Amino acid sequence: MAARSPESLQEKLSRLASSGERSDPLVFSGRGEEIKRIVRAAGNLPPDGARGQTFVIEGAPGAGKTALVHELARRLSAAGVLTVIRENVPSDETVMGVYHALLSAMSGVPNEEARTTRRKETAVTGGVGGVMSGKRVTSESVAPQAALDAAMIAERCAPERLSRIRSAVVFVDEVQNLQAGSGAATLLADLHTQGKLPVLLVCAGLSTSPARLADAGISRVSPSCRIRLGRLAASEAVDCARRTLALSRQWGVDAPDEEVKVWAENIAEASDLWPRHLQCYLQAVWASLAEQDAPSLASASLEDTLAKGRELREAYYLDRLSNSGVPLEVAGRLHGCLADGGALDLWAATDLAGEAIDERLSARARERVRNTFPTDSDCFDAMLKSGLVSLDERDLCISPIPSMTEFILDRCEGLGIQLARS
């Protein structure tokens, strides 16, 4: 087979320019206190340490939850901690895979062996005419591993081993999709309540995640173990942009220090210090550089690049709106009340969504929406799930980020949709 040709600089830049929403940032910045808290907890686990230290990382789409999970896993793995990452809530068929990985780590048995069990059976052979010969024959068979839970794993591990092995951390992302009564719910509740294995559970998801976890039996999460992600500090956003742009020098991009400084400061400001927006503007940088024969920040247009970044940010918001299935008139009515930092209780927010459907849509559009969202709560939940709105620590409905509210209201205005702003 012929060797694969090395990726050219333009190919690399083009690839980075088209990277998806969940792609990891090239440089991770910020969240230092959050990382310290989880790393510290990973070093103080059962059987000798604290139990029930489940962490919940919550925040609006684009707040950097997945990036934080992967950065934590990278740092913990480098320290010799087993990390198990599930990008989505495990299906009933894959739940046992998490237990098998933990059994392998806790017992020292290779993962493949942990997935099966060996059975020894001894039988006595019979002689001629049914007279027993007395000969014993032992056979060994391999069968699929029986169902496991944390208690069963602890029983199979010697206590002295559990007290000296390093901890394991199980990360589960997108837990806003957790269903009560599912295999995943049983798994998470088991890991949350067990007190014999050195296992830490870290869940990540949208602002509805704590409610979904409570439905699954994980309601007693310490306030110190709930992490709400929002904007980066200005210095963190600038640092992330600066170090990412400086990294491009290793690829062959001409990136003088002064240019890197100016571009990083402008990108951070344009991003509203929001991690996903920061990635949008950096993608725009790679797209601008890819268009050059000799990529250079000094000869690229900062103004044009920032305009491309705004387009990517708006496309991101449009994707959120499209994925929700909620008409712009409905989202706009809600965001009109959330402008300038407004907040609504859940009853009022749900009522507003229903009012917008009934009063602001044509008969045909209203029928179509009601077929998708039979109740007002269904519509509001769809906005929560897609990240069009969020919940704060008091469970009040808020805008995930001011720039999203501005975009939705401006788009309504541009399309002639009349909304009452408050």
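Residues numbered from 1 in each chain as written. Predicted model: local features only at pLDDT ≥ 70, side-chain atom pairs only at ≥ 80, totals over all residues. Heavy atoms only, no water.

Structural notes on the environment of Leu187
We apply this condition: Counting from the N terminus, the helices are the DSSP runs of H or I reaching at least four residues and the strands are the DSSP runs of E reaching at least two. The buried label goes to any residue with under 20% of its type's maximum accessible area, the exposed label to any with over 50%, and the partly exposed label to all in between, with areas taken from a 1.4 Å probe on protein chains only. Throughout, a residue-residue contact means that at least one pair of heavy atoms, one from each residue, lies within 4.5 Å.
Turning to its location among the elements, Leu187 is positioned in helix α8 (residues 183-193). The class of Leu187 is buried, set by a relative accessible area of 1%. When the C-alpha positions of Leu187 and Val98 are compared, they lie 8.7 Å apart, and in sequence the two are 89 residues distant. Filtering out sequence-adjacent residues up to four positions away, Leu187 remains in contact with Pro90, Val95, Val98 and Tyr99.

Thoughts on the packing of helix α14 (residues 328-338) against helix α15 (residues 346-360)
As a reminder, the rule being used: Orientation is described by lines fitted to C-alpha atoms, with helices fitted over the stretch in contact, and by angles between N-to-C directions that extend from 0 to 180 degrees. Under this scheme an angle from 65 to 115 degrees is roughly perpendicular, one under 35 degrees roughly parallel, and one over 145 degrees roughly antiparallel; angles in between are oblique. Should the near helix be turned anticlockwise from the far one by less than a right angle, the crossing is left-handed, and should it be turned clockwise, the crossing is right-handed. Gly is placed with the polar residues, together with every amino acid not listed as nonpolar (Ala, Val, Leu, Ile, Met, Phe, Trp, Tyr, Cys and Pro) or charged (Asp, Glu, Lys and Arg).
Look at α14 against α15: their axes get within 9 Å of each other, and the N-to-C directions meet at 135°. The angle between α14 and α15 places the two elements in the oblique class. Crossing of α14 against α15: the hand is right-handed. When α14 is examined against α15, the residues Glu329, Val330, Arg333, Leu334 and Cys337 are found in contact with a partner set consisting of Ala349, Leu352, Ala353, Glu355, Ala356, Ile357 and Arg360. Residues that form the contact of α14 with α15 fall into these classes: eight nonpolar, no polar and four charged.

Observations regarding the pattern of salt bridges
Spelled out, the test is: We define a salt bridge as a contact between a side-chain nitrogen of Lys or Arg and a carboxyl oxygen of Asp or Glu at a distance within 4 Å.
Inspection of every chain in the model, using the stated rule, returns 17 salt bridges. Of the charged contacts in the structure, one is a salt bridge between Lys308 and Glu291, with a shortest N-O distance of 2.9 Å. Of this pair, Lys308 sits in helix α13 (residues 302-324) while Glu291 sits in the loop between α12 (275-290) and α13, and the two are 17 residues apart along the sequence. Classification of Glu291 as exposed rests on a relative accessible area of 60%. Salt-bridge contacts for Arg370 lead to Asp376; the nearest nitrogen and oxygen are separated by 2.9 Å. Through salt bridges that share partners, Glu58, Arg226, Arg228 and Glu393 make up one connected network.

Some words on a negative patch on the surface
We count it as follows: Surface patches are drawn from residues lacking salt bridges whose relative accessible area is over 30%; two like charges belong together within 9 Å, two nonpolar side chains (Val, Leu, Ile, Met, Phe, Trp, Tyr) within 5 Å. Every accessible area reported is derived by Shrake-Rupley at a probe size of 1.4 Å, with residue values counting cover from the shown protein chains alone. All tallies of charge rest on Lys and Arg as positive and Asp and Glu as negative; His and the ends of each chain are not included. For this purpose, a charge sits on NZ of Lys, CZ of Arg, CG of Asp or CD of Glu.
Where like charges cluster on the molecular surface, the negative patch consists of Glu311, Glu314, Asp340, Glu406 and Asp410. Looking at the negative patch, the elements that each hand over two or more residues are α13 and α18 (402-414). Tracing the sequence through the fold places Asp410 in helix α18.

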